[in-house]
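# Structure at a glance
Single-letter residue listing:
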Amino acid sequence: MKILIISRKAEEKRRQFQTQQMRRLGLDFKFLDAFEARDLSAEDCQKAANSWPSPTLREDVACFTSHRIAWQIIIDRNEQTLILEDDAVLAESFADVLASIEARAEDGDCAYDLEFAPRPHILARTPVWTDGIYRATRVFQNRVGTAGYVIGPRAAKRMLEDTKIYGLLDAYMWHRAWLKAYQIEPAPVIQMQFLDGSADKTAFVRRSIDRAFTPRSKLRKNLMRLCLEGIKTRNLIRGWLGGVKRPLRMDRASFPLDPTKSGD
């Protein structure tokens, strides 16, 4: 499976970490140069903020743009692809779960979330498939998590069409009504900031370079908030009918004790 790692050119330590991690796991990958937040004007950020009810950071807009670039690459290549952000830590058996996903006939409107997030999700009560170690379960509500996911060209195309107007990426992406989202458990991806026991995580903590931008119109802000609450209600109803709210499963022992110290 093709692997794209979204990373800023200047993030040498993160790139070195990912290169070593991929080499250790025997995975081929390409870096995708992230869209730079500094290239956005204040006017660009304000325009984006006007289409989202919560405060918007310059980095949020850059992240949103970077993933849209990745989706276009997937469409052009016409290949199912794993997208990672450069602070993603992978389980030692990560290649196995990729093989399990790749072995299944791709549903064009589906995406697999591989990331652990320390917040309860609403998931189906039973998985749609299991390979004996990993299992894929339908997700009805997930507001966080774009550090590691698998998506194919059809879903990437629809996602690109749906995101012509800015929205906070993770909350926006996983709540598309047409998307069949599946969570992989035990989650084989975790962001460095959520992984205890790492000695040096300072290079993996993102800091804002600017103030937050907010919608100029209170009426528009309230209407957008109402729309999001409608989506949340829809997901809750679907969850009540066929799912359960619970934390994601993650096996800490499957990750390196201190991934920042992993060598060649």
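Preceding block: the structure.
A brief report on the enclosed structure follows. (Residues numbered from 1 in each chain as written. Predicted model: local features only at pLDDT ≥ 70, side-chain atom pairs only at ≥ 80, totals over all residues. Heavy atoms only, no water.)

Time to look at the sheet that holds strand β6 (residues 115–116). Sheet architecture is open: 3 strands sit in the order β4-β12-β6, paired in mixed fashion. Of all the strands in the sheet, the pair left with one neighbour each is β4 (88–90) and β6. As paired elements, β6 and strand β12 (residues 189–191) share 2 bridges and run parallel to each other. Along β12, the bridge assignment pairs Phe-116 with Ile-190. (Pairing = 2+ DSSP bridges. Helix = DSSP H or I, 4+ residues; strand = E, 2+ residues; numbered from the N terminus.)

A cluster of nonpolar residues, Leu-219, Leu-223 and Leu-226, forms a patch on the protein surface that exposes about 340 Å² of accessible area. Note on placement: Leu-226 falls in helix α7 (residues 218–242). (Patch = residues over 30% accessible without salt bridge, like charges linked within 9 Å, V, L, I, M, F, W, Y side chains within 5 Å. Areas by Shrake-Rupley, 256 points an atom, 1.4 Å probe, with all protein chains shown as cover. Salt bridge = Lys/Arg side-chain N within 4 Å of Asp/Glu carboxyl O.)

Taking 1.5 Å of rise per residue, the 14 residues of helix α1 (residues 12–25) would be expected to cover 20 Å, and the 20 Å separating its terminal C-alpha atoms lies within 8% of that figure. Within α1 the residues assigned to the buried category are Arg-14, Arg-15, Phe-17, Gln-18, Gln-20, Gln-21, Met-22 and Leu-25. Tucked into the core, α1 has its buried residues touching β1 (2–7), β2 (30–33), β3 (81–85), β4 and α4 (94–102). Immediately downstream of α1, the backbone of Gly-26 shows phi near 70 degrees, a positive value. (Expected span 1.5 Å × (residues − 1). Buried < 20%, exposed > 50% of the residue type's maximum accessible area, 1.4 Å probe, protein only. Contact = heavy atoms within 4.5 Å.)

Following the criterion strictly, the structure yields 13 salt bridges and no others. For Arg-246, the salt bridge is made with Glu-185, and the minimal N-O distance between the two is 2.7 Å. Of this pair, Arg-246 sits in strand β13 (residues 243–246) while Glu-185 sits in strand β11 (residues 180–185), and the two are 61 residues apart along the sequence. Here Arg-246 matches Glu-185 in class, with each residue buried. A single salt-bridge network, built from bridges that share partners, covers Arg-8, Glu-11, Arg-14, Glu-36, Arg-38 and Asp-86.

Turning to the nonpolar core, a few remarks are in order. Generally speaking, a soluble globular protein has its nonpolar side chains buried in company with each other. The biggest cluster of nonpolar side chains holds 69 residues, and the ones touching the most others in it are Trp-71, Leu-84, Phe-94, Tyr-112, Leu-114, Ile-151 and Ile-184. For Trp-71, the contacting residues outside a window of four places in its chain are Ile-83, Tyr-149, Ile-151, Ala-156, Met-159, Leu-160, Thr-163, Leu-169 and Met-173. (Core = buried A, V, L, I, M, F, W, Y, C linked by side-chain atoms within 4.5 Å.)

In this structure the tally under the stated criterion is 6 aromatic pairs. Between Phe-29 and Phe-31 the ring centres are 5.0 Å apart and the planes differ by 85 degrees, which places this aromatic pair in the edge-to-face class. Aromatic side chains Tyr-112 and Tyr-182 sit 5.6 Å apart centroid to centroid with 35 degrees between the ring planes, which places their arrangement in the tilted category. One end of the pair, Tyr-112, is in strand β5 (residues 110–113); the other, Tyr-182, is in strand β11, with 70 residues separating them in the sequence. The residues Tyr-112 and Tyr-182 share a single accessibility class, namely buried. (Phe/Tyr/Trp six-rings, centres within 6.5 Å; stacked < 30°, edge-to-face > 60°.)

Here the focus is the side chain of Gln-21. Structurally, Gln-21 can be placed in helix α1. When its relative accessible area of 1% is taken as the criterion, Gln-21 is described as buried. Ignoring anything within four residues of it in the chain, the contact list for Gln-21 reads Ala-88, Val-89 and Leu-90.

A few words now on the pairing of β2. Here 4 bridges tie β1 to β2, and the two strands are oriented parallel to one another. Counterpart to Ile-6 in the pairing with β2 is Leu-32. Regarding the hand of the β-α-β motif, the stretch spanning β1, α1 and β2 is right-handed. (Right-handed = clockwise from strand over helix to strand, strands pointing away.)

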